[in-house]
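Architecture at a glance
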Amino acid sequence: MSNNLSPTLSAAKRYMPPGIAGDYAELTTKQKELLAIASDLGRNKFAARAETIDRDAVFPFENYADMRDAGLLRICVPEKSGGWGADFATYVMVAAEIGRHCGATALTYNMHVCSTMWTGFIADDLEMTPEQRADHDAHRAIHYKRIVEEGKIYSQPFSEGGAAAAGKAPFGTLARKVDGGYIVNGKKIFASLAGAADYYGILCTVDKPGATQRDSLYLAVQKDLPGVTVTGDWDPLGMRGTVSRTLIFKDVFVPEVERLIPEGVYAQAAVRWPHMFATLSPTYMGIAR
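Residues numbered from 1 in each chain as written. Predicted model: local features only at pLDDT ≥ 70, side-chain atom pairs only at ≥ 80, totals over all residues. Heavy atoms only, no water.

On a plain count of helices and strands, the protein comes out with eight helices and eight strands. When each of the 289 residues of the protein is scored for burial, the buried share is 50%. Taking contacts inside the protein between residues at least 6 apart in sequence as the whole, the part at least 24 apart equals 71%. Of the roughly 12700 Å² of accessible surface on the protein, a fraction of 53% belongs to carbon and sulfur atoms. (Helix = DSSP H or I, 4+ residues; strand = E, 2+ residues; numbered from the N terminus. Buried < 20%, exposed > 50% of the residue type's maximum accessible area, 1.4 Å probe, protein only. Contact = heavy atoms within 4.5 Å. Areas by Shrake-Rupley, 256 points an atom, 1.4 Å probe, with all protein chains shown as cover.)

Spelled out as structure tokens, the structure:
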């Protein structure tokens, strides 16, 4: 890379399509701006903290404060809700840029952004009844407001150690419908941001006879609700700062307003947006670079 490029252009050039040299028109103004922000934070803030974060196995709270101040926590929140309204490709580039400087920050950032991506432009592409669409719009507005105005952090734990994450079986975490919400029981392993996120985006199965993968439910569970506990150790080299421990849910009452996607609709996403599960790939690309 030429040393006479400005940091903004240097960051942009890394993500230009092959065969294009010196012409930055292929990237949008928004993409260039977001890449410049990520590059600046990475070089001047994140890189210097990365070793300590991994060595001491601490969540990168300082980095999240910087991303909050720079507006990166709302990167995929729609513009009408106060976010950047970034699309999939834009997020991929920014995630890779952050990964170049701090792996734990990039990996956990992915989990946070997925909550807005899944409820945002991905959900907009799914089939819903008019009633479901109205319900979804009202609910996600609440969550976007938390991120935009309060700087709340979300996570995306869905691994359970079985076939559910691959879509081969219903999620073992169950949500029983009750007046005003759901009672949730189950656990999630490798739950990045465990104890650090304000809300856990939990994929579970509606607890009813004969439930299948189609009876899925996506709920935001506030971290301090009675019955939510964090347990287990997490000590993998290079990823200690993701604090990906085990989450346990024991008779946790989750209000209906915390439903991030209407019942049964999530199952469509894996078919229409299979690349929704590849959002970690750019972070590893950034780490490798």
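Let's shift gears to the packing of aromatic side chains. In total, this model carries 12 aromatic pairs according to the counting rule given. Each ring, one from Trp118 and one from Phe277, has its centre 6.3 Å from the other, and the planes form 80°; the classification is edge-to-face. With a gap of 159 residues between them, Trp118 in helix α5 (residues 103–122) and Phe277 in the loop between α7 (266–272) and α8 (281–288) connect regions that are remote in the sequence. Here Trp118 falls in the buried class, since its relative accessible area comes to 2%. Since its relative accessible area comes to 36%, Phe277 is described here as partly exposed. When the centroid spacing of 6.5 Å and the interplanar angle of 55° are considered together, the rings of Phe171 and Tyr266 count as tilted. You can see Phe171 sitting in the loop between β1 (154–155) and β2 (174–178) and its partner Tyr266 sitting in helix α7, a full 95 residues away along the chain. Here the two residues Phe171 and Tyr266 agree in accessibility, since each one is buried. (Phe/Tyr/Trp six-rings, centres within 6.5 Å; stacked < 30°, edge-to-face > 60°.)

Let us look at the environment of Ser115. Within the element layout of this structure, Ser115 appears in helix α5. Given a relative accessible area of 4%, Ser115 falls into the buried group. For the pair Ser115 and Ala220, spaced 105 residues apart in sequence, the C-alpha to C-alpha distance is 9.1 Å. A distance of 2.7 Å separates the side chain of Ser115 from the backbone oxygen of His112, its partner in a polar contact. (Polar contact = N/O pair within 3.5 Å; in protein donor to acceptor, adjacent residues only side chain to side chain.)

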